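# Chain and residue survey
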Amino acid sequence: LFIDPDDYVEQNSLSRILDTAHKYNAQVSFLGYRFLNADNTIQKDVLFAELKGVIYTGVDIYRVSRGDGTVDPDRSVAILLEKDLINKYQIRMLPGVPYLEDGEFLARLLCLTDRAIFDTSIFYYRTTRAGSATNSGLFYSEKAINGFFIAASNLKSFKNSHQLNKEQEYFLNRPIIKFTLLIIQACITNGFSKKYNSVKERLKITGLNKVDTKGCSGFYYKYGTIYNISPILFYFFWKGRLLLISTNKKVHTLFK
């Protein structure tokens, strides 16, 4: 059970979540959590209370957890994990991935999970702080770009080195596309042409100059397809998207 050092858990709750996991023989339990604002006021609760007692595969529970506008983040916190499952497949956080490493870890873990549940009571309290990686400039750094390369390459290697069914393979296509596109997205603020020249050859060497969109839909299918035509084309599409969002925000502010 991973706990971020600036978050905390409900008092006297460990025995309860363990009992629930044992009751359903769950390898993975998505625990209920509460998002807190920076001033510790409640932003929202994520419980999935209506799904109590339903057994999912790891692939299915991931899709359900992100469906219907909930946007449950890729995370390792607030998830109870069976130690035997982690050790059987030697699933570990990757060194050298300073940003969004949870998403890479979670993709491999859930891909191989047979029994997963939602524990539908609040266990975890997620805080918000200004100094976190999500709220910093780390995303645009060389360190982050290198980490995205490591994550995408490792997921591709994992996909090719395990005997997976089509559903599992398609499931892994999404995070591979995600980390590949992040390489280009991270170039935006630091001078695209200079950065792209340095990553273009590496994309080719690692086999990330093309991505597999099978099983993907929405955002990842659309932008993965554009990327396959040309990474530069994706860059300009993404740049235009950011410009449009920025313009809409300014218009909203003017007429607020």
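A quick note: this is a predicted structure, and the numbers were derived from the prediction, not measured.

Let us look at the overall build of the protein chain. Along the protein chain, the regular secondary structure elements total nine helices and five strands. For 256 residues, the compact-globule estimate of 2.2 N^0.38 gives 18 Å, and the C-alpha radius of gyration of the protein chain, at 19 Å, lies within 12% of that figure. Expressed as lengths along the three principal axes of its C-alpha atoms, the size of the protein chain is roughly 55 × 55 × 30 Å. A burial count over the protein chain gives 44% of its 256 residues as buried.

Attention now moves to the pairing of strand 2 (residues 28–36). In terms of burial, strand 2 is a largely internal element, nine of the nine residues being buried. Relative to strand 5 (residues 116–126), strand 2 runs parallel, the two being bridged by eight bridges. For Arg34, the partnering residue across the bridge sits in strand 5 and is Tyr125. For strand 2 and strand 3 (residues 42–46), the ladder comprises four bridges, and the chain directions are antiparallel. Bridge assignment links Phe35 to a residue of strand 3, and that residue is Lys44. Where strand 2 folds back onto strand 3 in an antiparallel hairpin, the turn is made up of five residues, including Asn40, whose phi is positive at roughly 70 degrees.

Another point: the packing of aromatic side chains. Following the criterion strictly, the structure yields 20 aromatic pairs and no others. On the numbers, 5.7 Å between centres and 85 degrees between planes, the contact of Tyr223 with Trp238 is edge-to-face. Residue Tyr223 is located in helix 8 (residues 218–229), and its partner Trp238 is located in helix 9 (residues 231–254); the two are separated by 15 residues in the primary sequence. Under the relative-accessibility criterion, Tyr223 is labelled buried at 6%.

This part is about the environment of Tyr33. Mapped onto the fold, Tyr33 is located in strand 2. On a C-alpha basis, the gap between Tyr33 and Arg16 in space is 14 Å, while along the polypeptide they are 17 residues apart.

It is worth spelling out the confidence of the model for the protein chain at this point. Chain-level pLDDT for the protein chain is 89 on average; 90% of the residues reach the 70-or-more range. Looking at the elements of the protein chain, mean pLDDT is at its lowest for helix 9, recorded as 78, and at its highest for helix 1 (residues 14–23), recorded as 97.

Right, let's get into the pattern of salt bridges. Considering all chains together, one arrives at nine salt bridges under this definition. Measuring nitrogen to oxygen at the nearest pair gives 3.1 Å for the salt bridge that ties Asp119 to Arg16. On the criterion of sequence distance, the pair formed by Asp119 in strand 5 and Arg16 in helix 1 is long-range, its members being 103 residues apart. Looking at Asp119, the relative accessible area reads 3%, which means it is buried. In this structure, the salt-bridge partner of Asp74 is Lys178, at a minimum N-O distance of 2.6 Å. Of this pair, Asp74 sits in the loop between helix 2 (58–65) and strand 4 (79–81) while Lys178 sits in helix 6 (residues 166–185); the two residues are 104 residues apart in sequence, bridging distant segments of the chain. Of the two residues, Asp74 and Lys178, neither departs from the other in class, the shared state being buried. Several salt bridges share partner residues, and in doing so they unite Arg66, Asp74 and Lys178 into one network.

Its location among the elements puts Arg75 in the loop between helix 2 and strand 4. The class of Arg75 is buried, set by a relative accessible area of 2%. A polar side-chain atom of Arg75 sits 2.9 Å from the main-chain carbonyl oxygen of Val77. Looking at Arg75, its side chain comes within polar contact range of the main-chain oxygen of Ala78, at 3.1 Å. Once you skip the residues sitting within four places of it in the chain, Arg75 turns out to touch Phe30, Leu31, Tyr33, Asp102, Leu106 and Arg126.

Next up on the list: the environment of Phe35. Along the chain, Phe35 turns up in strand 2. For Phe35, a relative accessible area of 15% gives the class buried. Through-space distance from the C-alpha of Phe35 to that of Val46 is 7.9 Å; in sequence the pair is eleven residues apart. Sequence-distant contacts of Phe35, defined by excluding residues within four places in its chain, comprise Thr41, Ile42, Gln43, Lys44, Pro73 and Arg126.

Reading the values: rules and limits
Residues numbered from 1 in each chain as written. Predicted model: local features only at pLDDT ≥ 70, side-chain atom pairs only at ≥ 80, totals over all residues. Heavy atoms only, no water. Helix = DSSP H or I, 4+ residues; strand = E, 2+ residues; numbered from the N terminus. Rg over C-alpha atoms; globule rule 2.2 N^0.38 Å. Buried < 20%, exposed > 50% of the residue type's maximum accessible area, 1.4 Å probe, protein only. Pairing = 2+ DSSP bridges. Phe/Tyr/Trp six-rings, centres within 6.5 Å; stacked < 30°, edge-to-face > 60°. pLDDT = per-residue confidence, 0-100. Salt bridge = Lys/Arg side-chain N within 4 Å of Asp/Glu carboxyl O. Polar contact = N/O pair within 3.5 Å; in protein donor to acceptor, adjacent residues only side chain to side chain. Contact = heavy atoms within 4.5 Å.

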